[in-house]
Amino acid sequence: MTFRNATRVNGFVVLLIWLVLTIAVAAVAVAGFAQHRNPLALAGAIVACVVGAILLLGITGLVVVNPNEAKVVQFFGRYIGSVSEPGFFSVLPLTDRRSISLRVRNFETQKLKVNDADGNPVEIAAVVVYKVVDSFKAAFAVDDYEEYVETQSEAAVRHLATTHPYDAHDADRTSLRDGAEVAEELTVELRDRTETAGIEVIEARITHLAYAPEIAQAMLVRQQAAQVVAARAQIVEGAVGMVGLALDRLAAEGMVELDEERKAAMVSNLLVVLCGDRPTQPVVNAGSLYN
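Description of the structure in this document. Fair warning: this is a prediction, and the values are worked out from it, not measured in the lab.

1. Quick word on the pattern of salt bridges
Pairing is possible between side chains of opposite charge, provided their charged atoms come close. Using the criterion set out here, one finds four salt bridges in the structure. In this structure, R205 and E203 form a salt bridge, with 3.0 Å as the shortest nitrogen-oxygen distance. Residue classification places E203 among the partly exposed positions, given a relative accessible area of 35%.

Structure follows, in structure tokens:
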């Protein structure tokens, strides 16, 4: 069984017909009971009462559907269909109508403590934006579609955290800090998980990501060390280029002739100046004070 639209008619038309028939039946019943000595009039009054009871059952089919809402219609346990169009309608009488909201919702998971792909404990949380697109599945495929989305969201976030490292040191690995890629992967996985419940996941994005408190300080030192190494590597690369440029310019313009020993000394001095983490102190050779 799949989603289908329930048979319905305009509620105002049905209400108008019901009012007219009710007035007519009431008039016949009153007139018949007033002439109770006439068997035909009395029989007509009894028939009018039966018809009035049927009309009273007919009005139970009236239903109001609000915008971004669906009414799932059941007739003694059997699925009749759904009404998703907003308005005032009349459906099959004596039916049960269950409201399913079609509005966009968001849900934020709790802060989950899991191990990432490198085995480091991390804290992670995500927000999921979703809406119901199939009222039949949302009503009957799962017990509670809201609870189902919450459970599947936490499971997807846990799976995502275990398949990616917190911080990737290799260019070919995706880390949890790569926001756009991780968000897209989480969204696709949640769409597959919640399709059974008639849910469309619009967006899923990580809102909280941090190392667990017991290793946060150690990982902070590690990150600082990695940044220092990266900065030093960039400084050395730039310094080597500058030294090479200086030697080439001196040789091209013929300003001074340097042998290999002096070139080595010049390269050493320039690297010390360019790569040092402290300001250099120039030393001026003034010659000997005594001859």
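The structure having been displayed, the exposition proceeds.
2. Describing the side chain of S90
Checked against the element boundaries, S90 lands in strand β5 (residues 87-90). The residues touching S90, leaving out its near neighbours within four places in the chain, are T7, R8, V9, G11, V14, G61 and L62.

3. Section: the nonpolar core
Counting residues in hydrophobic clusters, the biggest one holds 34 residues, and the most contacted among them are I100, V132, Y145, L186, L190 and I199. Listed by contribution, the elements that provide at least two residues to this core are β3 (69-75), β8 (112-115), β9 (121-132), α3 (135-140), α4 (145-163), α5 (179-194) and β10 (199-211). Core analysis: the second largest hydrophobic core is formed by seven residues, V63, V83, F89 and V91 among them.

4. A short note on a nonpolar patch on the surface
Taken together, the side chains of V13, I17 and L21 present a nonpolar region at the surface, about 250 Å² in accessible area. By the secondary structure assignment, I17 is in helix α1 (residues 11-34). Taking relative accessible area as the criterion, I17 reaches 47% and is therefore assigned partly exposed.

5. Considerations on the sheet that holds β5
Adjacent strands of a sheet pair through backbone hydrogen bonds, lying either parallel or antiparallel. Across the sheet, which stays open at both edges, the three strands sit in the order β1-β5-β2 with antiparallel pairing between neighbours. This sheet does not close on itself; its edge strands, each paired only once, are β1 (9-10) and β2 (62-65). Alignment of β1 against β5, held across two bridges, turns out to be antiparallel. Paired with N10 across the strands is F89, a residue of β5.

6. Quick notes on the environment of A126
With respect to the helices and strands, A126 occurs in strand β9. A126 sits in the buried class, given a relative accessible area of 0%. A C-alpha to C-alpha distance of 7.9 Å links A126 and Q110, two positions 16 residues apart in sequence. Apart from residues no more than four positions distant in its own chain, A126 is found in contact with F107, E108, T109, V157, L186, R205, I206 and T207.

7. Side note on the side chain of T187
The residue T187 is located in helix α5 in this model. Judged by its relative accessible area of 6%, T187 is buried. A distance of 3.1 Å separates a polar side-chain atom of T187 from the backbone nitrogen of A204. Once residues within four sequence positions are removed from consideration, T187 is found in contact with V201, I202, E203 and A204.

8. Some points on the packing of aromatic side chains
Taken as a whole and judged by the stated rule, the model has six aromatic pairs. Pairing Y79 with F136 gives two aromatic rings, centres 4.8 Å apart and planes at 50 degrees, and the pair type is tilted. Of this pair, Y79 sits in strand β4 (residues 78-83) while F136 sits in helix α3, and the two are 57 residues apart along the sequence. Residue classification places Y79 among the buried positions, given a relative accessible area of 3%. Within the aromatic cluster, the residues linked to one another by ring pairs are Y79, F136 and F140. Residue placement shows R8 over the ring face of F89; its charged tip is 5.4 Å from the ring centre.

How each quantity is defined
Residues numbered from 1 in each chain as written. Predicted model: local features only at pLDDT ≥ 70, side-chain atom pairs only at ≥ 80, totals over all residues. Heavy atoms only, no water. Salt bridge = Lys/Arg side-chain N within 4 Å of Asp/Glu carboxyl O. Buried < 20%, exposed > 50% of the residue type's maximum accessible area, 1.4 Å probe, protein only. Helix = DSSP H or I, 4+ residues; strand = E, 2+ residues; numbered from the N terminus. Contact = heavy atoms within 4.5 Å. Core = buried A, V, L, I, M, F, W, Y, C linked by side-chain atoms within 4.5 Å. Patch = residues over 30% accessible without salt bridge, like charges linked within 9 Å, V, L, I, M, F, W, Y side chains within 5 Å. Areas by Shrake-Rupley, 256 points an atom, 1.4 Å probe, with all protein chains shown as cover. Pairing = 2+ DSSP bridges. Polar contact = N/O pair within 3.5 Å; in protein donor to acceptor, adjacent residues only side chain to side chain. Phe/Tyr/Trp six-rings, centres within 6.5 Å; stacked < 30°, edge-to-face > 60°. Lys NZ or Arg CZ within 6 Å of the ring centre and 35° of its normal.

In short, shape yes, function no, at least from these values alone.
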